[in-house]
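Topology and contacts: notes
Okay, here's what each chain looks like letter by letter:
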Amino acid sequence: MTRIAGSLRITDSLVLDNLDALSELAEVGGDLVVQGNEAVTGLAGLGSLTSLGGDLLISDNTLLGSALDLYALGSIGGKLTVQNNPVLANLDGLSQLTSIGEDLEVLGNELLSDMEGLSGIASVPASLILNGNAILDDLNGLKNIAAIGDDLVITENASLQRLDGLSGIEAIGGSLVVKGNEALTTLAGLNQIASIGDTMDIGNNPVLPQCRAEELRDNIGVDNVGCQILIYNNQKFCPRIGP
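Residues numbered from 1 in each chain as written. Predicted model: local features only at pLDDT ≥ 70, side-chain atom pairs only at ≥ 80, totals over all residues. Heavy atoms only, no water.

**Description of the overall build of the chain**
- Within the chain, the regular secondary structure consists of one helix and 19 strands.
- Relative to the compact-globule value of 18 Å for 243 residues, the chain shows a C-alpha radius of gyration of 19 Å, a close match.
- Projected onto the principal axes, the alpha-carbon positions of the chain cover approximately 60 × 30 × 30 Å.
- Taking all 243 residues of the chain together, the buried fraction comes to 47%.
- Summarising the internal contacts of the chain: among those between residues at least 6 apart in sequence, 59% fall at separations of at least 24.
- Of the roughly 10000 Å² that the chain leaves accessible, carbon and sulfur atoms contribute 47%.
- Averaging the positions of the 10 positive and the 31 negative side-chain charges in the chain gives two centres separated by 11 Å. (Helix = DSSP H or I, 4+ residues; strand = E, 2+ residues; numbered from the N terminus. Rg over C-alpha atoms; globule rule 2.2 N^0.38 Å. Buried < 20%, exposed > 50% of the residue type's maximum accessible area, 1.4 Å probe, protein only. Contact = heavy atoms within 4.5 Å. Areas by Shrake-Rupley, 256 points an atom, 1.4 Å probe, with all protein chains shown as cover. Lys, Arg positive; Asp, Glu negative; His and termini not counted. Charge placed at Lys NZ, Arg CZ, Asp CG, Glu CD.)

Structural data, given as structure tokens:
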């Protein structure tokens, strides 16, 4: 079998540990859902998949580690969600992906440290959401993204110190939300943004100097922010830059 016209769901299995039976599958017309599997350690059985018409959801797979192994996948018609995979260490298996049709969401992956597997993506038509990835400290894998169609949301990533990997983004169609990142010290990676279509919301980042958020606001220009500007509960002390 090389093609499935509809969706493929691989969910809630206690014993399935590989997807080798799907090794010839090249195309799925609908969604691909790999969710809630207790024994799956990798997705090598889907290594021939080149295109997906709908969403890709990889969620709540207890033993899914670094072997996403979707190295042939070039396009996703819908959104990409990688969520609550407790031992997932990287996204390298998505390195051939160049196009997604909707949101890009990376949520609650406790051991995910970087985004390198997503370096082929140049734009996100809907929202880019990074939330609750406890040891994520490097966004360089997102360096080729130039535009966000809807919201850019970076929240509660406890180890994230810098946003340098977002330095290619020039426009955000929706809101910019940077909240609750305990280690974030700078917003320098956002300096190329020229416009925000909706709200700018930067708050509750305890070691991010408040003045850095204000500098970003001034750099973008209040007239280039479509709705309200919220800057609050960041570090009050503003360190001096330069000699």
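**Some points on the sheet that holds strand β3 (residues 27-28)**
- Here we have five strands laid out as an open sheet, ordered β1-β3-β5-β7-β9, and parallel in their pairing. Each having just a single partner strand, β1 (3-4) and β9 (99-100) make up the two edges of the open sheet.
- Sheet topology places β3 next to strand β5 (residues 51-52); two bridges connect them, and they run parallel. Within the sheet, the bridge partner assigned to V28 lies in β5 and is L52. (Pairing = 2+ DSSP bridges.)

**Focus: the sheet that holds strand β15 (residues 171-172)**
- Spatially, β11-β13-β15-β17 is the arrangement adopted by the four strands of the open sheet, whose pairing is parallel. Edge positions in the sheet fall to β11 (123-124) and β17 (195-196), since each has one partner strand and no second.

**Comments concerning the environment of L56**
- Counting through the fold element by element, L56 comes out in strand β6 (residues 56-59).
- Classification of L56 as buried rests on a relative accessible area of 1%.
- For the pair L56 and I76, spaced 20 residues apart in sequence, the C-alpha to C-alpha distance is 7.2 Å.
- In contact with L56, other than residues within four places in its own chain, are L32, L70, L73, I76, K79, L80, T81 and L94.

**Comments concerning the pairing of strand β14 (residues 152-155)**
- The alternating pattern of β14 places L152 and I154 on one face and V153 and T155 on the opposite face, and all of these are buried.
- As paired elements, strand β12 (residues 128-131) and β14 share four bridges and run parallel to each other. Looking across to β14, one finds that L128 is bridged to L152.

**Points about the pairing of strand β18 (residues 200-203)**
- Of the two faces of β18, the one holding M200 and I202 and the one holding D201 and G203 are both buried throughout.
- Sheet topology places strand β16 (residues 176-179) next to β18; four bridges connect them, and they run parallel. Within β18, the position partnered with L176 by the bridge is M200.
- With four bridges joining them, β18 and strand β19 (residues 229-232) adopt parallel strand pairing. Each bridged residue has a counterpart across the sheet, and for D201 the counterpart in β19 is L230.
- With helix α1 (residues 210-220) bridging β18 and the parallel β19, this β-α-β connection has right-handed handedness. (Right-handed = clockwise from strand over helix to strand, strands pointing away.)

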